[in-house]
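Residues per chain are reported as follows:
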Protein chains: 2
Amino acid sequence: MQKLNETISKIEKIDFTLAENTQKRLDNLTKPQGSLGRLEELAKQIVEITRNENPPTKNKIIFTMAADHGIANEGVSAYPKEVTAQMVYNFLNGGAGINVLARHINARVVVVDMGVAEKIQKGEIESLYFIDKKIALGTKNMAKGPAMSRQEAVRSIEAGIEVVEEELQNGIDLIGTGDMGIGNTTPSSAIASIITGKPVEDTTGKGTGINNKSLNNKIALIKEAISINRPDPKDAIDVLSKVGGFEIGGLAGIILAAAKNRIPVVIDGFISGAASLIAYQLEPKVKDYMITAHCSVEKGHRVILNYMGLKPLLDLGLRLGEGTGAAMGISIVEASQKILTQMATFQSASVSEGMDE
Amino acid sequence: MQKLNETISKIEKIDFTLAENTQKRLDNLTKPQGSLGRLEELAKQIVEITRNENPPTKNKIIFTMAADHGIANEGVSAYPKEVTAQMVYNFLNGGAGINVLARHINARVVVVDMGVAEKIQKGEIESLYFIDKKIALGTKNMAKGPAMSRQEAVRSIEAGIEVVEEELQNGIDLIGTGDMGIGNTTPSSAIASIITGKPVEDTTGKGTGINNKSLNNKIALIKEAISINRPDPKDAIDVLSKVGGFEIGGLAGIILAAAKNRIPVVIDGFISGAASLIAYQLEPKVKDYMITAHCSVEKGHRVILNYMGLKPLLDLGLRLGEGTGAAMGISIVEASQKILTQMATFQSASVSEGMDE
């Protein structure tokens, strides 16, 4: 708990006074004022977060955190539970969607085992950015009791913080979040419902692609989990321990550590969104350090974004997770930074300025 | 007229039968079916357009076409007319927004003088992909008569076709469209209103950032141009000649040539949208070769997209033109192609498939 408390206490309010000067710089570039819309907003946000007038984007890391879920034994996913571990190997071999999109944007994927239900065989894995932070061999079935102990919940968040701290020595300019865990839309829907106060029906969707019958079963299980565990909506760690997941806790830790270290963090889809909700409940100041990459097809994501007042960059009908949406978003953030630092000014390019009207 | 007719006659209907096989391939990749949303749709479209199962994306070209407009003397822009030529030099020196974003996505910018009001001094320019297709030193004032002759309208479209043909020898895998021309939202609004049948008020916005008084003047001028010239909405060349622009004709030619050569063409914002409307009226089959990069803030763009039934990839509040939105869209198209060709399959990665429900 000490590391978590210390991290939270060191998260500073964003320095919004930097926006004015950045807007002046943007207005002096060879384009009509404001004509690059959200790219200009992003450029300002990155300067505010980093307090660096020319923020670098060289070191881009996507943290893809994996864990298993006791609830997955109840038929909440279209895929069998062993797929979590299989996909971890796929990540480490470079064949998954996140690997392809991370290469596309020249980012590094760091895979973290937060609680996969089997031991990941290392082999030649270590060179490929695999980090073992396994808390347990998956959570317990939340429909029958708490998914994890309060201690494990704290431990999962602190493991996420440690991961960022360990990678800091290699340099981190931009962080993307990502997840893998068969069944993990179920805890995410539970977290979204409890914290936002919206009915479970409004936060629960078909995940990897279940049918209507399975969806009804999933909703009933989430209601059962909430009714049995009675999580306190005002206590994010209680919510995480009762109905959460280890990768969700880990991602909340990544987000808190990003904010503490003034690193912009690009949030992926629904599971990362649930993690951001936990981080936000622990320290609302993290919101300004977050950039919402996209809005997932999974309907609870919109509920989460509305609750925090966040506006996604992209709406491409994605629902894969892994950090795939974050990768697409990072490319836009990087574009915004290049606009700020590489475009010619009216003076340098000898272009006439607009007329005052 | 011969080149234009020949190009149009060689545009084939897209082969939609290829979509089924591509979807099967996508469904066999290690991800839930359909979970990459529009990236999967794009991957299918690129295969259909190119008839290549593994379409390359190495050679990406953004054609930024520049021209001046007689109507610009009537106060329809916040910028003086000489900015068109100044920005051409800025493009050639690599300092404009499109240069920055093209470098970001590893694309080449080809700048085409379609009718800038002054002679572009070549100097060391030729090595930097500058093409001179100047039709005239800007169009005439469309509020007082036709912007150009019918012959010049045909010539501008054919010049666009020639530009693609000339660049084909260097290889083109993906095309982006872009424009530069002080005052060119005015002809674009006129074209949008005439062809879609919507009132001028619905297709006319503030362009580079004029005030309300200037906007009212702009709307009145467009109405005057339509009333004086009486363009035939069913005759796209008549519309282009009466109220168009040389860069708009050139971009229509680029789009037609892209379709003829089965090259996917990523359409930028409002001015490129007006050009795509001209191309679509000449040959509706071009629609399936087009990918709409984004929806511009300029309100007439949405009218154009709705008329053709096109759905933009991005909505980032952009209104710069030059091809900046196209650059952002091309990156997404390229990501979709990499997903199709680089991801592991369930078999190759030994990942269990989803259960039939």
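Attention here is on the structure that accompanies the text. (Residues numbered from 1 in each chain as written. Chains lettered and ligands numbered in written order. Predicted model: local features only at pLDDT ≥ 70, side-chain atom pairs only at ≥ 80, totals over all residues. Heavy atoms only, no water.)

1. Side note on the relation of the copies chain B and chain A
When chain B is brought onto chain A, the operation consists of a screw motion whose angular component is 180° and whose axial shift is 0.0 Å, with 0.0 Å RMSD remaining. In short, the pair behaves as if placed about a two-fold rotation axis. Looking at the rotation axis and the C-alpha trace of chain B, the residue lying nearest is B:Leu314, at 3.2 Å. Looking at the interface residues of chain B, 100% of them are also at the interface in chain A, so both copies use one shared face. (Least-squares fit on C-alpha atoms with pLDDT ≥ 70 in both. Contact = heavy atoms within 4.5 Å.)

2. Quick look at the layout of surface pockets
Residue and element names in this part refer to chain B. Here the largest pocket defines a volume of roughly 360 Å³. Looking at the largest pocket, it is lined by 16 residues, and the ones nearest its centre are Arg38, Glu41, Gln45, Met290 and Leu310. If you list the elements that add at least two residues to the lining of the largest pocket, you get helix H3 (37-50) and strand E6 (290-292). Residue classes in the lining of the largest pocket are distributed as six nonpolar, three polar and seven charged. (1 Å grid on protein atoms, 1.4 Å probe; cavity = no way out; pocket = protein on both sides within 12 Å on 5 of 7 lines; lining within 4 Å. Points joined across faces, edges and corners; volume = space filled by probe spheres on them. Helix = DSSP H or I, 4+ residues; strand = E, 2+ residues; numbered from the N terminus. Nonpolar A, V, L, I, M, F, W, Y, C, P; charged D, E, K, R; others polar.)

3. So, the interface of chain B and chain A
Each partner contributes residues to the interface: chain B has 59 residues there, and chain A has 59 residues. Across the chain B to chain A interface the summed buried area is about 4700 Å²; carbon plus sulfur atoms make up 60%. Counting every contact that joins chain B to chain A gives 20 residue pairs in polar contact (both at pLDDT 80 or more). Contributions of two or more residues to the side of chain B that touches chain A are made by H3, helix H4 (83-92), helix H5 (97-104) and helix H14 (324-342) of chain B. In terms of residue count, H14(B) provides more of the side of chain B that touches chain A than any other element does, nine residues in total. Each residue belonging to the side of chain B that touches chain A can be placed in one class, and the counts come to 27 nonpolar, 22 polar and 10 charged. (Buried area = accessible area lost by both parts, 1.4 Å probe. Polar contact = N/O pair within 3.5 Å; in protein donor to acceptor, adjacent residues only side chain to side chain.)

4. Focus: unusual backbone geometry
Backbone geometry at A:Arg262 places phi at a positive 55°, although glycine is not the residue there. Its relative accessible area of 29% is what places A:Arg262 among the partly exposed residues. One non-glycine residue with positive phi stands out, namely B:Glu322, at about 70°. Its place among the elements puts B:Glu322 in the loop between helix H13 (300-308) and H14. (Buried < 20%, exposed > 50% of the residue type's maximum accessible area, 1.4 Å probe, protein only.)

5. Brief notes about the side chain of B:Ser156
For B:Ser156, the position within the fold is in helix H6 (residues 150-168). Ignoring sequence-local partners within four residues, the contact set of B:Ser156 consists of B:Met114, B:Ile135, B:Leu240, B:Phe246, B:Gly249 and B:Gly250.

6. With respect to the side chain of A:Lys338
As for its placement among the helices and strands, A:Lys338 is situated in helix H14 (residues 324-342). In this structure A:Lys338 comes out as buried when scored by relative accessible area, which is 17%. Not counting residues up to four positions away in its chain, the partners in contact with A:Lys338 are A:Met343, B:Val100 and B:His104.

7. Some points on the packing of aromatic side chains
All chains considered together, the criterion is met by four aromatic pairs over all chains. Geometrically, the ring pair formed by A:Tyr280 and A:Tyr307 is edge-to-face, given 6.4 Å between the ring centres and 85° between the ring planes. With A:Tyr280 in helix H12 (residues 270-282) and A:Tyr307 in helix H13 (residues 300-308), the pair connects residues that are 27 residues apart, well separated along the chain. For A:Tyr280, a relative accessible area of 18% translates into the label buried. Where A:Phe346 meets B:Tyr79, the ring centres are 6.4 Å apart and the plane angle is 15°; that geometry is what we call stacked. With A:Phe346 in the segment after H14 and B:Tyr79 in the loop between strand E1 (60-67) and H4, this residue pair bridges two chains. Residue classification places A:Phe346 among the buried positions, given a relative accessible area of 4%. Of the residues examined, B:Tyr79 reaches a relative accessible area of 9% and is grouped as buried. Taking NZ or CZ as reference, A:Arg108 lies 4.3 Å from the ring centre of A:Tyr129, over its face. (Phe/Tyr/Trp six-rings, centres within 6.5 Å; stacked < 30°, edge-to-face > 60°. Lys NZ or Arg CZ within 6 Å of the ring centre and 35° of its normal.)

8. Re H13(B)
Residue and element names in this part refer to chain B. Looking only at H13, the buried set comprises Gly300, His301, Val303, Ile304, Leu305 and Met308. On the buried face of H13, the contacting elements are helix H7 (185-196), helix H8 (200-203), helix H12 (270-282) and E6. In the stretch just after H13, Gly309 is the one whose phi turns positive, near 70°.

9. Side note on the sheet that holds strand E3 (residues 130-132) of chain A
All names here are of chain A. Taken together, the six strands give an open sheet; going across it, the order is E3-E2-E1-E4-E5-E6, and neighbouring strands pair in parallel fashion. With one partner strand each, in any of the chains shown, E3 and strand E6 (290-292) form the two edges of the open sheet. Direction aside, the axes of adjacent strands within the sheet are offset by 25° on average. With three bridges joining them, strand E2 (residues 108-115) and E3 adopt parallel strand pairing. Bridged to Val111 within E3 is Phe130. (Pairing = 2+ DSSP bridges. Axes fitted to C-alpha atoms, helices over the stretch in contact; angles between N-to-C directions.)

10. Thoughts on the pattern of salt bridges
All names here are of chain B. The full count for this structure, using the stated rule, is 35 salt bridges over all chains. In this structure, Lys134 and Asp113 form a salt bridge, with 2.8 Å as the shortest nitrogen-oxygen distance. In this pair, Lys134 sits in the loop between strand E3 (130-132) and H6 while Asp113 sits in strand E2 (residues 108-115), placing the two residues 21 residues apart along the sequence. On the basis of relative accessible area, Asp113 is assigned to the buried category, the value being 1%. Residue Glu166 is joined to Lys133 by a salt bridge in which the shortest nitrogen-to-oxygen separation is 2.9 Å. (Salt bridge = Lys/Arg side-chain N within 4 Å of Asp/Glu carboxyl O.)

11. Brief notes about the sheet that holds E3(B)
Residues and elements named next belong to chain B. Pairing is parallel in the open sheet, where six strands are placed in the order E3-E2-E1-E4-E5-E6. Every other strand in the sheet has two partners, leaving E3 and E6 as the edge strands with one partner each. Going from strand to strand, the sheet's axes swing by 25° on average, the running direction of each strand aside. Direction of pairing for strand E5 (residues 265-267) relative to E6: parallel, over a ladder of three bridges. Counted as the bridge partner of Val266 is Ile291 from E6.

12. Points about H7(B)
All names here are of chain B. An ideal rise of 1.5 Å per residue puts 16 Å on 12 residues; H7 measures up with 16 Å between its terminal C-alpha atoms. Extensive coverage of H7 is indicated by the burial of 12 of its 12 residues. Listing the buried residues of H7 in full gives Thr185, Thr186, Pro187, Ser188, Ser189, Ala190, Ile191, Ala192, Ser193, Ile194, Ile195 and Thr196. Downstream of H7 by one or two residues, Gly197 has phi in the positive range, about 80°. (Expected span 1.5 Å × (residues − 1).)

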